[in-house]
Structure formats: C-alpha cells, structure tokens
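A structural walkthrough
Listed below are the residues making up each chain.
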Amino acid sequence: MRKINTKQLTSIKPIIKRGKKKFYFRYYCPDLQKDGLMKFANTEAEAKVLREQIKEKQVLGPTAPASGNISLGEVCGQWIADRESAMNGNRITEGTYEWYKYLVEAWSPLYQIPIKDLSYKDVQSHLDSMDRSQGTRIHHFERLKQVISFAVDEGYLFKQHETMIDRARPPRGEETEIQIPSEESVAKLIGACSGFWKATVLIFVSTGIRFGEYAALPWKNVHFNNKRGSNRRDGYIRITQARQKKGKIGPPKGKKNREVPISEELAGLLMELPREGEFVFPLPEFNAFATRNNQWGHKQNSLPRLRGPAEHKMMTDQQCWSQLGNIIRDNHIVWPQRIHCMRHFAVSRMIDAGWNVKLIQTRIGHKSATLTLNRYGHLMERSSFEDEAQDMVRGLI
C-alpha cells in the first residue's frame, strides 16, 4: 500500500488552464487524509494565502479529535439522549421518539464495534438478517445514517465518514398492495355486531379515522344535530387527539385538528352508548367473547375482567382486534387484514362517491393531498377505468 505523504505541501507554480493563467500547489489534507490534492487560484497572492491556511491546518492536524475508538453503542446512546431532549422540548412527539429509539436499538448486535471501524459490510449483513419488511429495513438504515451524522457533528468521525455505510442502503421495495374488505364482508360484520361494537365498526368504515383517534375520542368532541324543530339526526366529531404509544394522549398524526361528519345511523348508535367516563370507546370492562373449561371439562362463557368497574382507560389495537377478530371468525367473514383495512375501505367509498382528493385528504387527516394521491391514486384511476375508452370515442362515431 502506498504510504501517504502527510507533510506534502509543494511550492506555488503557474499553469495555463482553459486558456487562462492560474496558480496551483499540491498538498496533504488532514481532514480527508489524502495527499496529492491540488488547489487552484487566479492570482499568485491568492494562492499564497490558501497555502498558508493549509500549512496551518497541517500543523494543527484534523478537525476531528482522535476519539473514533468510541463504540457504536455509546454514540447511539448519546443520539437517543439527544432525541429525548428534543421530545422534552416539544420538537418531536413522544411517538416519534419511541419509534426512533426502537429503530436504533435494533443495531445492538453491532454496538461493540468502534464507530470508526464500522463498515458497510457489517451494516449490510445485519440488515439481511433482520426479519422485517423492506420498508422497515430502510427506516432502520436511515436512523443509523442519522447516528453517523451525529458522530461527525460531535467530532467522533471525519466529515468523509458520512458516506461510510451508503453502499449498504437497502433498495426500495415495491409498494404493498392495499387490501380492502368487500362491501359484503363489511355489511356482514356490521350485521353480526350490536351496540358498542356495531358503533365501532361503523365509525371506522364511514369516517376513515385512525385507531389512535378512535381510542382517544372524548365525548366532548361528539356533536349531534338533534335540536328541537330540526329534522336532522346526524352530527359530527372533532379529531383533536389520539392515543400514542404507551397509552398516552397526544396530537393526531399530522398534528392537525379536523371535523368529520357522522351519519344518522352512527349518531343513533352513539346516543345509546353509556357515558360513564371521558372516552366514547373505552376498554370494555369484560371480554364477552372469551370461553374456558369448567370443572367437568365443558366449555362455558366466561367474563374475565379487563379493567376495574370504576376504571376508564383507552383500548389498544390488540384489545380491539381480539374482540372483532372473534366476531369475524365466528361468523366466517372473509377479512383481508386487521383494523386498519377499514380505513382503506372508507377511502374507497369516498372515491366511489366522486369526492375530490382535497376533501378526502381533509376528512382522513393526511398531511397533504400528495400523500393521499400517492397512497390511493391507483383507486382513483380504477374508478373511471370502465368509462375511459367510451369517453375517447364519444362523438366520433
């Protein structure tokens, strides 16, 4: 291997470059740890100034201190602490912080490696061993890139190290196809439910709200059009909060409040629900679908308590699905995914009804209409598919 000349700093020489006289010298750059680099200037005086600056830099050494032996785990810990500080300063949400922490902690098998010795092959090998979707692997990689940039800013790495793992970047996979339950399946599920669970299914498939927004919906944000003298019996809900990870309440995704209309049928079901606490859809006190064997070995219905009688807390999506999933299985309903597919169903109904993309974006709480188009644009194209060919020849024949 060629030995790098760390003392290289040649004299200034003239050169004709593109028909113009310029002055240059060769030097060793301590930051890049490379020699043979050339610096050009328009005048000899300018070249002398640049040469003196580089000479001083060579004496001082590289801008980063010799602390590259710090392990990846230590740097990751510092980065997570920095993100926690950002959360405490309300620069990021708690949900974002927990997501970042989860993504970075997945690199724990590489924590013992000194960060300066981390190679793209280490990163690539670990990514290949992850039992995750391609999209999630990309998220893991992007967070590690942020840790590397943090290490550069903190002086643990040189600037050129920012690209040290770029070759390990996972290729972007194909968009997963949205799975939407059929109208027949949704109607069958609504018919199989009653009371609380019927209202649950109906609010998902008719409004497209997210589960976190459903779980944290307070009664004060439910408004009915049942004033005396009015024939309307519908209403609307205001989405101002959502259940975050670890059961805390925070702003809805996108951090924008919105109003969503509800039908007469849904309003009627909501009016019949008991108002025992803050939330419209709290965790039920009993699991009515559980069974157990009695002392003779026969199955009997049981009512295991999920919460105390006076306790009112939000459901998790797993708790909600454990109830709805049993109804779906017991009634042999064809169902493609879990709860979130009901949001896709609601959006498909909006598209079939001819809603414009801006209205859909507002109702479902997307941050921008571009996001809505990227996610559901193919459904909008299919909605007019059958009429496109006829439109092209109308009036010609």
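Scroll up to find the structure this text is about.
Attention here is on the structure that accompanies the text. (Residues numbered from 1 in each chain as written. Predicted model: local features only at pLDDT ≥ 70, side-chain atom pairs only at ≥ 80, totals over all residues. Heavy atoms only, no water.)

Right, let's get into the packing of aromatic side chains. Tallied over the entire structure, the rule returns ten aromatic pairs. Centre to centre, the rings of Trp79 and Tyr100 are 5.8 Å apart; their planes meet at 40°, and the pair counts as tilted. Pair noted here: Trp79 is in helix 2 (residues 72–88) and Tyr100 is in helix 3 (residues 94–105), with a separation of 21 residues, a long-range link. Residue Trp79 shares its accessibility class with Tyr100, and that shared class is buried. Here Phe196 and Trp197 contribute two aromatic rings whose centre-to-centre distance is 4.9 Å and whose plane-to-plane angle is 75°, an arrangement assigned as edge-to-face. Ring pairs connect the aromatic residues Phe196, Trp197, Phe204, Phe211, Tyr214 and Phe281, which therefore count as one cluster. (Phe/Tyr/Trp six-rings, centres within 6.5 Å; stacked < 30°, edge-to-face > 60°. Helix = DSSP H or I, 4+ residues; strand = E, 2+ residues; numbered from the N terminus. Buried < 20%, exposed > 50% of the residue type's maximum accessible area, 1.4 Å probe, protein only.)

It is worth spelling out the side chain of Gln244 at this point. Along the chain, Gln244 turns up in the loop between strand 6 (242–243) and strand 7 (249–250). A relative accessible area of 16% means that Gln244 is categorised as buried.

Quick look at the packing of helix 2 against helix 3 now. Relative to each other, helix 2 and helix 3 sit at 175°, their axes nearing to 9 Å. Accordingly, the angle class assigned to the pair helix 2 and helix 3 is roughly antiparallel. Touching Cys76, Trp79, Ile80, Arg83, Glu84 and Met87 of helix 2 are Glu94, Tyr97, Tyr100, Lys101, Val104 and Glu105, all from helix 3. Tallied by class, residues from the contact of helix 2 with helix 3 come to seven nonpolar, no polar and five charged. (Axes fitted to C-alpha atoms, helices over the stretch in contact; angles between N-to-C directions. Parallel < 35°, antiparallel > 145°, perpendicular 65-115°, else oblique. Contact = heavy atoms within 4.5 Å. Nonpolar A, V, L, I, M, F, W, Y, C, P; charged D, E, K, R; others polar.)

Time to look at the sheet that holds strand 3 (residues 34–41). Strand order in the open sheet formed by three strands is 1-2-3, and the pairing between neighbours is antiparallel. Both outer strands of the open sheet, strand 1 (13–17) and strand 3, are each paired with one neighbouring strand and no more. Each strand of the sheet is rotated relative to its neighbour by a mean of 40°, with strand direction disregarded. (Pairing = 2+ DSSP bridges.)

For the rest of this paragraph, the subject is the pairing of strand 5 (residues 235–239). In strand 5, alternate side chains face the same way, and those of Gly235, Ile237 and Ile239 are buried while those of Tyr236 and Arg238 on the opposite face are not. Where strand 4 (residues 222–224) and strand 5 come together, three bridges link them in antiparallel fashion. Following the sheet pairing, Phe224 is matched in strand 5 by Gly235. Relative to strand 8 (residues 258–262), strand 5 is paired through five bridges, and the arrangement is antiparallel. Across the sheet, residue Arg238 finds its bridge partner in strand 8, namely Glu259.

None of this, on its own, says anything about what the molecule does.
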